[in-house]
Amino acid sequence: AWEGACDGAGRGVLLAGEPVVGKTRTAAELAAEAQAAGALVLHGWCEEGVGAAYQPFTQALDQHTWNVRRPALGRQPGELRRLLPELADRVPALPQPLTSDPRAEEYVLVDAVSSWLLDASRANGLVLVLDDLHWADRPTLLMLGHLLRAATADPQARLLVLGTYRDSDVDRHHPLADLIGEVSRLHGVERIPMRGLSVGEVLALAEATAGHGLGETGISLAETLHVQTEGNPFFVEELLAHLRETGALRSQEGRWLLSDAARGAIPVGVRDVVGRRLSRLSADAGRALTHAAVVGRDFDLPLLATLLDTDEDTLVDVLDEAVTARLIEEVGADRFRFRHALVQETLYEEASATRRRRLHRRVAEAVEALRPDDVIALAHHFELGGPDDGRMSRAVEYGLAAAWQAYRTRALADAELRFRRVLEMLEEDPDDPIALDAMIGLGECQRDLGDQGYRETLLAAADRATGAPDKLVAAVLANRRSITSIVGEVDNRRVELAESALAVVGEHDSADRARLLGYLAAETVFTRDQASRLALVDEAEAIARRLGDRRLLGEVLVRTAFPAIAFDRLAAITARGAEAIALADELGDLTLRVEARGMHAWALLTAGDIAGAHEVSLEAAAIADEGTPPTLRWMTQYWLVAHEGIAARFADARTMNDELLQFGEVHGEPDRLNWWAAASTAVLLLTAEIGAMAEVIGAYADQYPALPTWRAAHVQALAQAGRISDARTVLDAHPMSLQRMVEDPYGLVGIASLAQTAWLLDARDLAESVAAAAQPYDGQWAHLFIGVVGPVSWSIGLCDVVAGRVDDGIARLEREVAAAEEKGCTAVAARIRADLVGALRRRGHDGDASAAAL
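Note that the structure is predicted; figures quoted are calculated from it, not measured.

**With respect to the overall build of the protein chain**
Reasoning step 1: What the protein chain contains, in helices and strands, is 43 helices and 10 strands.
Reasoning step 2: The buried share of the protein chain, taken over its 854 residues, is 57%.
Reasoning step 3: Taking contacts inside the protein chain between residues at least 6 apart in sequence as the whole, the part at least 24 apart equals 67%.

Structure below.
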């Protein structure tokens, strides 16, 4: 398999599955064969219940960096410290991990692991063996899936991944089943069912064990072994060992003979074989393995010596007996592993429930003394060790610590399960302060995983945080999106709790107050008047600057970008965006780097710097692709849709919009339909086909009454469709304050729609009002960010023509056609030119008809 994977093609990935028969060769034997071919071999495995997230990759990284002097660690080596903190001691000058929001950091870590393994594979090839994937947690499987996709896309990779699992333990609801279905479609990924040896192969294995042919007796033995083991090589070897040890299979004059009693000597169950082999160990060895089985599939000498209250040298002699009996194997200095999970399971289940509980308690206390930071093992053993003085106090304490550790290492799915388990243990004591911590942690995991249930979880946590100000603030600040929670509406419960938290923290300068002010500004964009909204933004920014906290300032500038939008502050907002980019780049926070560029691109678009906005948007998309969450990648691609429309590549813009709608559905983006409709409307505005979506736009206007831009677009659509009477009726039924319009973040688009409406309806009064409202923003551009409409001066020009200032209006339109063409805005230039033709025909001066024809 190795030669086939790393031949002249230079790459290959293999996912080996369904080893219901165990392994015909140990990992050490596989490693020896691959290493003989010049390859690097790394081995990791999953454990049931005990293992931490990403366990097999952490083990592989440990092996690689322990045994290789200058290991290749990929393009983001600092991120690997999240898996293996001691890596900083092994690799000089290793950078710190990047800091971002937890979901982004999880994707960066996953990408860093793939980069490391692909980098390490390029020299002489790499075999990565991942055992017992049926016990893998979701974060580990996410990492494996990302690695396989990256490997199949990299022509320089020379990587062979061997993943083993029991198919009997993987039903259609198992997360591994989802991964297998996904990666099976990748080129170079293959599933290899291992259904057991045939009778002939069992005979060959028996003869290989004996060292010579067994003749007719061998066939009878093979048939018996095959019935008992279903061809499982491990079980065959165990039964052969049992027959030799009981004398049923014996050597005579250099040949092996099978006694007549051999058939009766074979136990009914293979577990019985393991049990009988264990019973032939000395009392000391049996006791040692029983304790080891409670520790887990893997165990170390110091811990076991502490449990047995014996010295390590004596224990080594005892364990040598078990190694000789091929029940355990040495996997490193002072580190051992049961050769097969069945051996550990048999020993574990032979102990009574009472003994197991007491042993788990002893293991937990020994780990607490020897490895107090191993909170994963401590949580597991203290929980199974039963109540501590009538309460699950230490199990809960370490369970919460393990959950937060998983969260910090970006194993979000694992962290979610651990937080839920803590809450289950506290069901009878919901007022325990730890329960509140666990609720907040659970809410953060749900949010970062895209589970919209995070809102209710964090609202409940905030409600329960009476008397715990720090927890109230934490619950409120965690209950957020990167922009306002509901575009066009307000979440009153979030606002109420934010105001309560602000009252609790007081009016003195603090990071909490700055963050809460920014949070409240973002949540009330569509209901709070502009002056009070900007006051919140300004105070948050002022506090961050006074505190001198650069991270806080970067967060505040980015998180308040949306509520800070004010068209009469464009110069300040542009400078703010440039500062935010510099801070985000300095901090190395991927999410802030993307969002800061989005903020700056918005300002550049508004200023009419189309090329600059496009360049910054491309930068944001490139950074997002380095490993940010799907939401950010979705957003940055939408920013690029706008530029397809500007360049009149309408088919491409529509295709991208439809693809992003599907992406949003896959990843549960709550605004996906709203964004799709807005981007579609922006294209129709440029193609003068908006009338076709009049009813859809009207439905959005009804759904989002706090967004006057939708209502303005509805009136324009009706007028564009020739439904003049309907357009006038809607205008009369929904009077729109133009002052309120321009205070809206999308207000200039609303102004543009009303200008078009005045033009289409020849409504002089409306034209005069719109021109007056738009005049202060002459020189700016109207856009939705995901779609550009055009310069405000275009709108003023149309209104001038309708209001009777025809020459002025035409002069404006002529200037804006030339400016749009110079900027490369083909679609915008074409739309303005079409209106210029209409204006020329309306004026009717000498030469206007010929100019219009041109």
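**Details of the sheet that holds strand S7 (residues 328-332)**
Reasoning step 1: If you walk across this open sheet you meet the three strands as S6-S8-S7, and the pairing is antiparallel. Only two strands of the sheet have a single partner each, and these edge strands are strand S6 (298-300) and S7. Taking the axes of each pair of neighbouring strands and ignoring which way they run, one obtains an average angle of 35 degrees across the sheet.

**Focus on the pattern of salt bridges**
Reasoning step 1: Across all of its chains, the model carries 49 salt bridges by this definition.
Reasoning step 2: In this structure, Arg82 and Glu79 form a salt bridge, with 3.2 Å as the shortest nitrogen-oxygen distance. The exposure classification of Arg82 matches that of Glu79, with both residues buried.
Reasoning step 3: Between Arg550 and Glu586 there is a salt bridge, with the nearest N and O atoms lying 2.7 Å from each other. Of this pair, Arg550 sits in helix H27 (residues 550-559) while Glu586 sits in helix H28 (residues 570-587), placing them 36 residues apart in sequence.
Reasoning step 4: Judged by its relative accessible area of 44%, Arg550 is partly exposed.
Reasoning step 5: It is possible to trace a salt-bridge network through shared partners that takes in Glu768, Asp778, Asp800, Arg805 and Arg812.

**Considering the packing of helix H35 (residues 708-720) against helix H36 (residues 724-733)**
Between two packed helices, the angle of one axis relative to the other and the distance separating the axes together describe the packing.
Reasoning step 1: Interhelical geometry of H35 versus H36 gives an angle of 160 degrees and a closest axis separation of 7 Å. Taken together, H35 and H36 sit at an angle that is classed as roughly antiparallel. The element H35 and its partner H36 pack so that their crossing is left-handed. Counted together, Arg711, His714, Val715, Leu718 and Ala719 of H35 and Ile724, Asp726, Ala727, Val730 and Leu731 of H36 form the full contact between these two elements.
Reasoning step 2: Of the residues that constitute the contact of H35 with H36, the class distribution is seven nonpolar, one polar and two charged.

**A word on unusual backbone geometry**
Reasoning step 1: A positive phi is found at Asp132, a non-glycine position, where the angle reads about 60 degrees.
Reasoning step 2: Topologically, Asp132 is positioned in the loop between strand S2 (126-131) and helix H6 (138-153).
Reasoning step 3: The backbone phi angle of Phe785 is positive, close to 75 degrees, even though this residue is not glycine.
Reasoning step 4: Mapped onto the fold, Phe785 is located in the loop between strand S9 (781-783) and strand S10 (788-791).
Reasoning step 5: Here Phe785 falls in the buried class, since its relative accessible area comes to 13%.

**Re a negative patch on the surface**
Reasoning step 1: The grouping of Asp311, Glu312, Asp313, Asp317, Asp320, Glu330 and Asp334 at the surface amounts to a negative patch.
Reasoning step 2: Within the secondary structure, Asp313 is located in helix H15 (residues 312-324).
Reasoning step 3: Here Asp313 falls in the exposed class, since its relative accessible area comes to 61%.

**Side note on the environment of Pro233**
Reasoning step 1: Inspection of the secondary structure assignment puts Pro233 in helix H10 (residues 233-246).
Reasoning step 2: Taking the C-alpha atoms as reference points, Pro233 and Glu201, separated by 32 residues in sequence, lie 9.5 Å from one another.

**Here's the deal with the nonpolar core**
Reasoning step 1: Residues Trp602, Tyr638, Trp710, Ile751, Val770 and Ile786 are the most contacted members of the largest nonpolar core, which totals 109 residues.
Reasoning step 2: Contact partners of Trp710, with chain neighbours within four places excluded, come to Asn674, Ala677, Ala678, Thr681, Ile697, Tyr700, Ala701 and Tyr704.
Reasoning step 3: Counting residues in each nonpolar core, the second largest holds 106 residues, with Phe57, Ala60, Val110 and Ala438 among its members.

Scoring rules and cut-offs
- Residues numbered from 1 in each chain as written.
- Predicted model: local features only at pLDDT ≥ 70, side-chain atom pairs only at ≥ 80, totals over all residues.
- Heavy atoms only, no water.
- Helix = DSSP H or I, 4+ residues; strand = E, 2+ residues; numbered from the N terminus.
- Buried < 20%, exposed > 50% of the residue type's maximum accessible area, 1.4 Å probe, protein only.
- Contact = heavy atoms within 4.5 Å.
- Pairing = 2+ DSSP bridges.
- Axes fitted to C-alpha atoms, helices over the stretch in contact; angles between N-to-C directions.
- Salt bridge = Lys/Arg side-chain N within 4 Å of Asp/Glu carboxyl O.
- Parallel < 35°, antiparallel > 145°, perpendicular 65-115°, else oblique.
- Left-handed = near helix turned anticlockwise from the far one by under 90°.
- Nonpolar A, V, L, I, M, F, W, Y, C, P; charged D, E, K, R; others polar.
- Patch = residues over 30% accessible without salt bridge, like charges linked within 9 Å, V, L, I, M, F, W, Y side chains within 5 Å.
- Areas by Shrake-Rupley, 256 points an atom, 1.4 Å probe, with all protein chains shown as cover.
- Lys, Arg positive; Asp, Glu negative; His and termini not counted.
- Charge placed at Lys NZ, Arg CZ, Asp CG, Glu CD.
- Core = buried A, V, L, I, M, F, W, Y, C linked by side-chain atoms within 4.5 Å.

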